[in-house]
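Chains, contacts and geometry: an overview
Chain by chain, the residues:
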Amino acid sequence: MQAAERASKLREALNHHNYRYYVLDDPELPDAEYDRFFGELQALEAQFPDLITSDSPTQRVGSTPLSAFEQVAHRIPMLSLNNGFIDDDIVAFDRRVREILEVDTVEYSAEPKFDGLAISLRYEGGLFVQGATRGDGSTGEDVTQNLRTVRGLPLRLRAGAPRLLEVRGEVLMFRRDFELLNQRQREMGDKEFVNPRNAAAGSLRQLNPRLTANRPLRFLGYGIGESAGEVLPGRHSGLLSRLADLGIPISSERAVVRGVDGLLGFYRKLGTRRPALPYEIDGVVYKVDDLRAQEQLGFVSRAPRFALAHKFPAEEAITEVRDIDVQVGRTGALTPTARLNPVFVGGVTVTNATLHNEDEMRRKDIHIGDTVVVRRAGDVIPEVVRALPERRPPDARRFTMPVTCPACGSAVVRLPDEAIARCSGGLICPAQRKQALLHFASRRAMDVEGLGEKIVDQLVDRDLVRAASDLYRLNVSVLAALDRMGEKSARNLIDAIEHSKQTTLERFIYALGIRNAGESTARDLARHFGSLDRLITATEEQLQQVSDVGPVVAESIRRFFAEKHNLEVIDQLRATGVHWPEHEPAVAPAAGVLAGKTFVLTGILPSMSRDNARHRIEAQGGKVSGAVSKKTDYVVAGDDAGSKLDRANALGIKVIDELQLLAMIGEIESETIREINQ
Ligand code: IVH
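In this text, all values refer to a predicted model and were calculated from it rather than measured experimentally.

1. Digging into the overall build of the chain
- For the chain, the count of helices and strands is 26 helices and 24 strands.
- Against the globule reference of 26 Å for 678 residues, the chain gives a C-alpha radius of gyration of 28 Å, in line with a compact fold.
- On the principal axes, the C-alpha backbone points of the chain span a range of 85 × 70 × 60 Å.
- The burial tally for the chain puts 48% of its 678 residues in the buried class.
- Of the contacts made within the chain by residues no fewer than 6 positions apart, 67% connect residues no fewer than 24 positions apart.
- By element, 48% of the accessible surface of the chain is carried by carbon and sulfur atoms, the whole surface being about 33,800 Å².
- With 89 positive and 96 negative side-chain charges, the chain shows a spacing of 2 Å between the two charge centroids.

The structure is reproduced here in structure tokens:
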């Protein structure tokens, strides 16, 4: 029957493209084409329901919500890992391994320690039949229906799968997907997730698989459990490659290394790459590569002797909440903030941590006096993760949000569909003014060096500065009269203020502190409009033509410029001499210098994200495609470029680097490239 043949062809094609995308990270097909195949298969299956197979890509979302998860016994337990923190721990680990194996050097497989949830996937005859959480290691929960919705998780292994294979790995959410999910939550007025790990955990434990299907989960494999019907490779590294061949997504951030030097080298290298990875990791895992040697080493209680997790410096620590108060932000948002007993976490001493908002604080049930877990990740503000109620002292107190602003006494309002309570005082609120000034002067905005919190506090409290433009009317003697300000630092600050007058349009837009318009939006706006006046007069429709500007952002921009007071401050800033170069509006895409050219981006570019590179190319009329083909004009390759680069070379397509791209766009002179290359 023709329809049956077509359906099977489509399934095969869709599975193949999923494999290219999720396992090889090298899509061949534009998303729209994929969607077209998918739609065609859906239509066929609707017409001939007999053609539906359980591994069809259309059958990822089951529709029957569960009342509870079934229990699943793990025939081979899901173990935990011993942790190492400092170099000596690694030296000791390797020494012990060598002693037991009676060898001089050991080869290890080194890989990321994914910060998600441990999962076991059972494939029988190549078909995904059951998936379970780790639970207590011996018994977990059956989350098969939810796992079927995980992007890139194969419902059927590729040809040649063994009779039985349990794949072990981690379910997680990529950072970018997490941000988009939170953006969506925000726009719908729903609660935001605290971090990708929580979002992944919460999503996987939904009883209704339809909800899980809306959450962008991913799976990365790192090992196996039970297996039968195939002689598997004798090395862990080989096993991972075999899993990838079978269609299981495996991280490419892995290597086989020798001895302690190899281990530590890998750890340091991955540590520096960590912020650029698409997902969060909390360390690296070392495993003796030879599986027979693994067997010989065996286990101590619940952890293997052949493996070690080398953790990145602690980002969580335990301390007590001394007090809770609220901080008033630039836009009037009231953030409950915990004052903590100082604690060292993630490399710095933390004394304050955010509780985000009232609902979060209630949900986590944080009291004054509680012992809490504090987390600090990267550059983000430290946050209180949870309380340890078993350690709650009898005199612990709840905190209630104030009904008036602690800084100006104005009423606090909380709109029914918003999580955030705000001070309604606007610019009469000194706290909002202070935050707005600090933002205005910050490094990525007007970059007024030396204008810190202590000085801004005094300037606002003494009514010397009300709006940003007042900064440019200060003089040395006024500043020198402030506490902790000498003549010299006053002079330096005046110089810095003077210096900041010459700026760029994007910095200026960012400095204005328009709600929802961060740095990259400011950049896009500056590029698009080229002049402040064009931006000020833009309609919401015109604003939405800028990449990444949706209705919410467009509305806040328009509202900001509709405010008479804001326009006055801008006029005054210009009158005091703040200036920037302006240019014509961005050329209509089709007429850009890259019109008609197709680019493929691969690897890590030195100074910009791939998204950013894409915007720049598109702004000049170029197209960016996910896959290298004969139609590709240029491949822009950064560090660690992979198979796309190989393919470009094979097809004889011109490969350029970031500098050459910038030169094509006219953002730097081609002379500069020659200088740099010399
Ligand atoms: S191997 C017998 N490899 O870490 C060894 N685990 O503390 C079993 N994890 O719950 C684990 N990334 O989910 C292994 N590359 C990796 C991992 C990894 C994250 C998690 C795992 C487990 C926990 C162990």
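Now that the structure has been shown, the text picks up again.
2. Observations concerning the site of the ligand
- For the ligand, the set of nearby residues contains 13 residues, the closest of which are Glu111, Pro112, Glu170, Tyr222 and Lys287.
- Contacts to the ligand include Leu81, whose backbone N or O atom sits 3.1 Å from an oxygen atom.
- Measuring from a nitrogen atom of the ligand, one finds a side-chain N or O atom of Lys287 at 2.9 Å.
- Within the residue set of the shell around the ligand, elements represented by two or more residues are strand S3 (107-114) and strand S10 (281-288).

3. Considerations on helix H2 (residues 31-47)
- Helix length check: H2, at 17 residues, gives a terminal C-alpha distance of 24 Å against a target of 24 Å (1.5 Å per residue), a fit within 8%.
- Looking at H2, one finds that the buried residues are Phe37, Leu41, Leu44 and Glu45. The buried residues of H2 occupy an angular sector of 100° when the element is viewed end-on, so they sit on one face. Facing away from the buried side of H2 by over 90 degrees, the exposed positions are Asp31, Ala32, Ala46 and Gln47.
- In the core, the buried residues of H2 are packed alongside helix H1 (2-23).

4. Topic: the sheet that holds strand S2 (residues 83-84)
- Pairing within the open sheet is mixed, and its 5 strands lie in the order S2-S13-S10-S3-S9. The strands lining the two open edges of the sheet, one partner per strand, are S2 and strand S9 (255-258).
- Both S2 and strand S13 (residues 307-311) contribute to a ladder of 2 bridges, which runs parallel. Each bridged residue has a counterpart across the sheet, and for Gly84 the counterpart in S13 is His310.
- Helix-sheet contacts for helix H8 (residues 236-245) involve S3, S9 and S10, and the interaxial angle to S3 is about 50°.
- Most of the contacts of helix H9 (residues 259-273) go to S9, to which it runs at about 140°, and overall it touches S3, S9, S10 and S13.

5. Focus: the sheet that holds strand S7 (residues 164-173)
- The 4 strands lie next to each other as S5-S4-S7-S8, forming an open sheet whose pairing is antiparallel. With partners counted over all chains shown, the strands left at the sheet margins are strand S5 (127-133) and strand S8 (217-228), one partner each. In this sheet, neighbouring strand axes are inclined to one another by 25° on average, regardless of whether the strands run parallel or antiparallel.
- With 8 bridges connecting them, strand S4 (residues 117-124) and S7 associate as antiparallel partners. When the sheet's bridge partners are listed, Arg122 is paired in S7 with Glu166.

6. Let's talk about the pattern of salt bridges
- Scanning all chains against the criterion turns up 49 salt bridges.
- One salt bridge in this structure joins Asp282 and Lys113, with 4.0 Å as the shortest N-O distance. Taken as a pair, Asp282 in strand S10 and Lys113 in strand S3 lie far apart in primary sequence, 169 residues in all. Like Lys113, Asp282 is buried.
- A salt bridge links Asp115 to Arg197; the nearest nitrogen and oxygen atoms lie 3.6 Å apart. Of this pair, Asp115 sits in the loop between S3 and S4 while Arg197 sits in helix H6 (residues 196-204), and the two are 82 residues apart along the sequence.
- With a relative accessible area of 15%, Asp115 lands in the buried category.
- Judged by relative accessible area, Arg197 falls into the partly exposed class, the value being 33%.
- Among the charged side chains, a network of salt bridges with common partners joins Arg75, Arg122, Glu124, Glu166, Arg168 and Glu226.

7. With respect to empty space enclosed by the protein
- A complete count under the given rule lists 2 cavities of 30 Å³ or more for this structure.
- Here the largest cavity defines a volume of roughly 50 Å³.
- Lining the largest cavity are Asp115, Leu172, Met173, Pro196, Arg197, Ala200, Tyr279 and Glu280.
- Taken together, the elements giving at least two residues each to the lining of the largest cavity come down to S7 and H6.
- In terms of residues, the lining of the largest cavity owes the most to one element, H6, which gives 3 residues.
- Broken down by class, the residue content of the lining of the largest cavity amounts to 5 nonpolar, no polar and 3 charged.
- A volume near 30 Å³ is recorded for the second largest cavity.
- Sorting the residues of the lining of the second largest cavity by element identifies S3 and S8 as the ones contributing at least two each.
- Per-element tally for the lining of the second largest cavity: the top contributor is S3, with 3 residues.

8. Observations regarding the environment of Val624
- Mapping Val624 onto the fold places it in strand S22 (residues 623-625).
- When the C-alpha atoms of Val624 and Lys597 are compared, they prove to be 8.6 Å apart, with 27 residues separating the residues in sequence.
- Here Val624 is in contact with Phe599, Leu601, Arg614 and Ile617, once residues within four sequence places are set aside.

9. Re the packing of helix H3 (residues 87-101) against H9
- As a packed pair, H3 and H9 sit with axes 9 Å apart at the nearest point and diverge in direction by 140°. One way to sum up the angle between H3 and H9 is to call them oblique. The handedness of the crossing between H3 and H9 is right-handed. Taken together, the residues of H9 that come into contact with H3 (itself represented by Asp87, Ile90, Val91 and Asp94) are Gly259, Val260, Leu263, Leu264 and Arg268.
- Split into classes, the residues belonging to the contact of H3 with H9 amount to 5 nonpolar, 1 polar and 3 charged.

10. Re the pairing of strand S17 (residues 371-375)
- Most of S17 sits inside the fold, with 5 of its 5 residues counted as buried.
- Of the two faces of S17, the one holding Thr371, Val373 and Arg375 and the one holding Val372 and Val374 are both buried throughout.
- Judged from the 5 bridges that link them, strand S14 (residues 316-328) and S17 form a sheet pairing that is antiparallel. Bridge pairing in S17 links Thr319 to Val372.
- Sheet topology places S17 next to strand S18 (residues 383-387); 4 bridges connect them, and they run antiparallel.

What counts, and at which threshold
All residue numbers refer to position in the chain's written sequence, counted from 1. With pLDDT at 70 or above as the cut-off, local features in this predicted model cover only qualifying residues; side-chain atom pairs require 80 or more to be listed or tallied, and sums for whole chains, interfaces and linings still use all residues. The basis for every side-chain value is the complete set of non-hydrogen atoms in the structure, without hydrogens or water. For the purposes of this entry, the term helix denotes a DSSP run of H or I that reaches at least four residues, the term strand denotes a run of E that reaches at least two, and both are numbered from the N terminus. C-alpha atoms define the radius of gyration in this analysis, and the globule rule sets the expected value at 2.2 Å times the number of residues to the power 0.38. Each residue's exposure class comes from its accessible area (1.4 Å probe, protein chains only) as a fraction of the maximum for that residue type: buried when under 20%, exposed when over 50%, partly exposed otherwise. Should any heavy atoms of two residues lie within 4.5 Å, those residues are counted as being in contact. In this description, accessible areas are obtained by the Shrake-Rupley approach with a 1.4 Å probe, and a residue is regarded as covered only by the protein chains that are shown. We score Asp and Glu as negative and Lys and Arg as positive, and we do not count His or the chain ends. Just so you know, the charge point we use is NZ for Lys, CZ for Arg, CG for Asp and CD for Glu. To be near a molecule or strand, a residue needs just one of its heavy atoms within 4 Å of it. Contacts described as polar in this section are N or O atom pairs within 3.5 Å, which, within protein, must combine one atom able to donate a hydrogen with one able to accept it, while residues neighboring in sequence count only if both atoms come from side chains. For a helix, the expected span equals 1.5 Å multiplied by the number of residues minus one. The reported arc concerns the directions from the helix axis to the C-beta atoms and nothing else. Strand pairing follows a simple DSSP-based rule, namely that at least 2 bridges must link the two strands. Only the stretch in contact is used when fitting a helix axis, every axis being a line fitted to C-alpha atoms; angles between N-to-C directions are given from 0 to 180 degrees. What makes a salt bridge here is a side-chain nitrogen of Lys or Arg within 4 Å of a carboxyl oxygen of Asp or Glu, nothing more. Cavities and pockets were defined on a 1 Å grid built over protein atoms only: a cavity is a set of grid points that admits a 1.4 Å probe from which the probe cannot escape, a pocket is an open set flanked by protein on both sides within 12 Å along at least five of seven lines, and lining residues are those with an atom within 4 Å of any such point. Grid points are joined across faces, edges and corners, and a volume is the space filled by probe spheres set on the points. The residue classification treats Ala, Val, Leu, Ile, Met, Phe, Trp, Tyr, Cys and Pro as nonpolar and Asp, Glu, Lys and Arg as charged. All others, Gly included, are polar. Here is the rule for angles: anything less than 35 degrees is roughly parallel, anything more than 145 is roughly antiparallel, 65 through 115 is roughly perpendicular, and the remaining ranges are oblique. Throughout, a crossing is termed right-handed when the near helix is turned clockwise from the far one, and left-handed when it is turned anticlockwise from it by less than a right angle.

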